[in-house]
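Remarks on the overall topology
Spelled out from the first residue to the last, the chains are:
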Amino acid sequence: MSTHPVVKWIDERLPVFTFLNHELRDYPTPRNLNYWWNFGSIAGIVLVVLIGTGVMLAMQYTPHVNYAFDSVERIMRDVNYGWLLRYLHSNGVSMFFIAVYIHLFRGLYFGSYKSPREILWAMGVIILLLMMATAFMGYVLPWGQMSFWGATVITNLFSAIPLVGEEIVNWLWGGYSIGNPTLTRFYALHYLFPFLIFAVVFLHLVALHTVKSNNPLGIDATGPQDTIPFHPYYTAKDFFGFGVFFLVYLGFVFYAPDFFGEPDNYIPANPLATPPHIVPEWYFLPFYAILRAVPDIEVFGFVLITAKLAGVILMFGSILILFFLPWLDFSKVRSSRFRPIFKQFFWIFFADCLLLGWVGANPPEGFFVILGRIGTAFYFAYFIVIIPLIAYFEKPRPLPESISAEVLGGKEGGKS
Amino acid sequence: MRVTPTLVSGLIAGLFLLSSVTPSPAAAAEMPEIEKRDWSFDGIFGSFDRTAQQRGYQVYNELCSGCHGLRLLTYRNLAALGYDEDDIKAFAAEYEVTDGPDEEGEMYQREALPSDHFVSPFANTNAARAANNGALPPDLSLIVKARKNGADYIYALLTGYGDTPDGRELPDGMYYNAAFPGHQIAMPQPLDDDAVEYADGTPATVNQMASDLTTFLAWTASPEMEARKLLGLKVMLFLLVFTAMLAAIKRKVWSRLH
């Protein structure tokens, strides 16, 4: 740490420099993190880009049903570099979800949710839920056809709640249909939620720095020979990751900016014309498939639970179940590297998520209905049945003695 | 309960097989296959062919603008096609806009200025429907971005008119189009050979006009495209070099550990 008198003077009164030094420089990090560990910091930098471009877009956007669509087009056409801001923002969301999904699957594969990282994991799930809400409301703002009809489908889900469903939907809309009050409140909340995400990310990092990073071996660091300081090793590695990531991200922004979008959203919202296929953005497709997977649940001819309510319960359940994962998987071994059976089912589960995404992109007819049901059944069976059974029956391979013993293979430790 | 890796790879292979299953014939009829064409504005270095854009604007002006608006454009935007200020003033002056109120509080009509938005052919959607047998001619500003397959679809639609196949009945006021979803479109064939006389002497075939008009409409949908690709090139080249440097730094820093 700098010994400059001004730095010292401030630090004695508000220890920001000690804090930064401790958390970003000395922070002892396992020496064996692979490139899958880059996606946490990548998600962090995209969040910053999204907030930055979002604040600037907000200066030009008009949240009114009569002007929203045209104000977005004005940003695209007349605002200096407005097209860049908007494409950075709209593609940034897709990149955010890609980074977070990879981050999440990395956590699943290497058992990063296990003790003592349960709360760290739970904070991550809360971030995911907040991201989904934010992305959904943001997609409504350009007030195109998919904005309007996507909002109609999703808000109508709440009407499935017994007894008070209709009232809740009207309360959400601020009226008897989606309209200007809906748009303005979504805009207000779309501006608010990213800061909530930011706050939870902070808690996520506090928890991380308390329990320390997991690593590909899934064993705890036993001493200084197993760790390296965050700076310069992981700062250098993270910045290289940013470089590669931005090449991909900006490749889309400059050369295929509408790749992730739906053409229908370039048609202004029209409450009188329903698009032939209402599909959500790609990152919601697996959940959309789960929502539409279940039929009415009948007991002796009475509809006990409507398909809609069951679908809504399963859709929210598919994320909420992640909160319980640290206890469903009670195997003491974290990393899949030492869990031969868990590893195979992990990849089947990954394929199942892709399958559900594909089903979600197609109309719920014939073959896709069956596929959606199989995929949904497997999704839940994986967490509720398969993972506990594996934890009980699987015989894990022997764990290495320590990180340094495994990584350095008996060689002398580094000159750290 | 040992599961072999073949099971996993089999499952993944199965997924790929499933994904290659073609949609049902009914769905295929709804969504016709659109042929991919080469456009001047394709690719990393693509830019709009100026002469095609100008011809396309002429086609729009003479054949389309009677029913279809371009409300998101202003006349001054035409400078991007290579027209000078006087040309643009002249284009704008052909239209009248309502302005005001004046000092007496009255609204008045005046000639459109380069800063005005393109004047739409109908005052509102009801007027548009009333004049078009109940059908609503869409505004074309974003049409290329608002349709699947974009420019290829617009070209296919403009050139997709033909005789109704045997055994198919179309209602009155509907026309057969090979590219339109459902093949039944309310717009009569908009382009006929030599319907315009190109200022540059290019023969005005249907295919030529369709191609020019599509190029023009690709520009109206993405007027930022050339600036975007140019900036993108600079940014990507910089990032490539910068990322290579970051990779070198990473290797150097980590070499201390091994």
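What you see as residue numbers is a count from 1 along each chain, following the sequence as written. Chains and ligands are labelled by the order in which they are written, letters from A for the one and numbers from 1 for the other. In view of the model being predicted, local features appear only for residues whose pLDDT reaches at least 70, and side-chain atom pairs are presented and counted only at 80 or more, with totals across whole chains, interfaces and linings using the full set of residues.

This brings us to the overall build of chain A. Working definition: helices are DSSP H or I runs of at least four residues, strands are E runs of at least two. Numbering for both runs from the N terminus. The helix and strand inventory of chain A stands at 16 helices and 4 strands. To get the radius of gyration, use the C-alpha atoms; to get the globule rule, take the number of residues to the power 0.38 and multiply by 2.2 Å. Computed over C-alpha atoms, the radius of gyration of chain A comes to 24 Å, within 12% of the 22 Å expected from 2.2 N^0.38 for 416 residues, which places it in the range of a compact globule. Each principal axis of the C-alpha distribution contributes one length, and for chain A these read about 70 × 60 × 40 Å. Once C-beta atoms are placed from the backbone, each residue is buried if 20 or more other C-beta atoms lie within 10 Å of its own, exposed if 12 or fewer, and partly exposed for counts between those two. Evaluated residue by residue, chain A yields a buried proportion of 39% over its 416 residues. Residue pairs are scored as contacts if the distance between their C-beta atoms, which are placed from the backbone, is within 7 Å. Looking at chain A alone, contacts between residues at least 24 apart form 76% of all its contacts between residues at least 6 apart.

Take the overall build of chain B next. Scanning chain B from N- to C-terminus turns up 8 helices and 4 strands. Residues counted as buried form 26% of the 258 residues belonging to chain B. The long-range share in chain B, meaning contacts at least 24 apart out of those at least 6 apart in sequence, stands at 61%.

This brings us to the domain arrangement of chain A. Residues and elements named next belong to chain A. Residue ranges for the domains originate in an automatic or database domain assignment. Examined at the domain level, chain A breaks down into domain 1 (27-220 + 228-278) and domain 2 (285-407). When each unit is reduced to the centre of its C-alpha atoms, the spacing between domain 1 and domain 2 is 23 Å. The interface is formed by 26 residues belonging to domain 1 together with 23 residues belonging to domain 2. For the side of domain 1 that touches domain 2, the secondary-structure elements that each account for two or more residues are α5 (82-109) and α6 (118-140). With 6 residues, the top contributor of residues to the side of domain 1 that touches domain 2 is α6. Looking at the side of domain 1 that touches domain 2 residue by residue, the classes come out as 16 nonpolar, 7 polar and 3 charged. Under this grouping Gly is polar, as are all residues other than the nonpolar Ala, Val, Leu, Ile, Met, Phe, Trp, Tyr, Cys and Pro and the charged Asp, Glu, Lys and Arg.

This next bit is on the interface of chain B and chain A. Counting residues at the interface gives 36 residues for chain B and 35 residues for chain A. Listed by contribution, the elements that provide at least two residues to the side of chain B that touches chain A are α1 (5-19) and α8 (225-255) of chain B. Here the element with the most residues in the side of chain B that touches chain A is α8(B); it accounts for 16 residues. By residue class, the composition of the side of chain B that touches chain A is 24 nonpolar, 3 polar and 9 charged.

This brings us to the pairing of strand β4 (residues 302-305) of chain A. All names here are of chain A. Only strands joined by at least two bridges in the DSSP assignment are considered to pair. As defined by bridge partners, strand β3 (residues 297-299) adjoins β4 across 3 bridges and the pair is classed as antiparallel. Residue pairing for β4: Val299 is matched across the bridge by Phe302. Taken together, β3 and the strand that follows it, β4, pair antiparallel across an intervening segment of 2 residues, in which Phe300 is found at a positive phi of about 50°.

Moving on, we get to the nonpolar core. One nonpolar core equals one set of buried Ala, Val, Leu, Ile, Met, Phe, Trp, Tyr and Cys residues connected by C-beta atoms within 7 Å. In this structure, Ile42(A), Ala43(A), Val46(A), Phe96(A) and Ala99(A) are the most contacted members of the largest nonpolar core, which totals 60 residues. Only α3 (39-58), α4 (68-77), α5, α6, α7 (145-156), α9 (180-211) and α10 (230-255) of chain A provide two or more residues apiece to this core. A per-element tally of this core places α5(A) first, with 13 residues. With sequence-adjacent residues up to four places away left out, Phe96(A) is seen in contact with Ala43(A), Val46(A), Leu47(A), Leu50(A) and Met131(A). Within the second largest apolar cluster, 38 residues are counted, among which are Ile34(B), Phe41(B), Leu158(B) and Phe216(B).

Once that is clear, we can look at the packing of α5(A) against α10(A). The relative placement of two packed helices comes down to the angle between their axes together with the axis-to-axis distance. Residue and element names in this part refer to chain A. α10 packs onto α5 with a crossing angle of 135° between their chain directions and a minimal axis gap of 9 Å. Put simply, α5 runs oblique to α10. In this structure, the crossing between α5 and α10 has a hand that is right-handed. Residues Tyr87, Leu88, Asn91 and Met95 of α5 form the contact with α10, whose participating residues are Tyr249, Phe252 and Val253. Taken together, the residues of the contact of α5 with α10 sort by class into 6 nonpolar, 1 polar and no charged. Geometry is summarised by axes, namely lines fitted to C-alpha atoms with helices restricted to the contacting stretch, and by angles between N-to-C directions that run from 0 to 180 degrees. For classification purposes, angles smaller than 35 degrees are called roughly parallel, those larger than 145 roughly antiparallel, those between 65 and 115 roughly perpendicular, and all remaining angles oblique. Two helices that cross are described as forming a left-handed crossing if the nearer one is turned anticlockwise from the farther one by less than a right angle, and a right-handed crossing if clockwise.

Once that is clear, we can look at the confidence of the model for chain B. Residue and element names in this part refer to chain B. Averaged over every residue, the pLDDT of chain B is 90; residues scoring 70 or more account for 88%. Each residue gets a pLDDT score, which is the predictor's confidence in that residue and runs from 0 to 100. Across residues 11-29, confidence stays below pLDDT 50; counting only partners more than four residues off in sequence or on other chains, it has 8 contacts. ipTM for the predicted complex: 0.91, alongside a pTM of 0.92.

Residues and elements named next belong to chain A. Across its 20 residues, α3 extends 28 Å between first and last C-alpha, which sits within 8% of the 28 Å expected from 1.5 Å per residue. Among the residues of α3, Phe39, Gly40, Ile42, Ala43, Ile45, Val46, Leu47, Leu50, Gly54 and Leu57 are the ones counted as buried. On its buried face, α3 sits against α4, α5, α9 and α10. One less than the number of residues in a helix, times 1.5 Å, gives the span that helix is expected to have.

To continue, consider the environment of Thr98(B). Residues and elements named next belong to chain B. Inspection of the secondary structure puts Thr98 in strand β1 (residues 96-99). Sequence separation between Thr98 and Glu111 is 13 residues; the distance between their C-alpha atoms is 8.8 Å. For Thr98, the residues in contact, after removing those within four places along its chain, are Met107 and Gln109.

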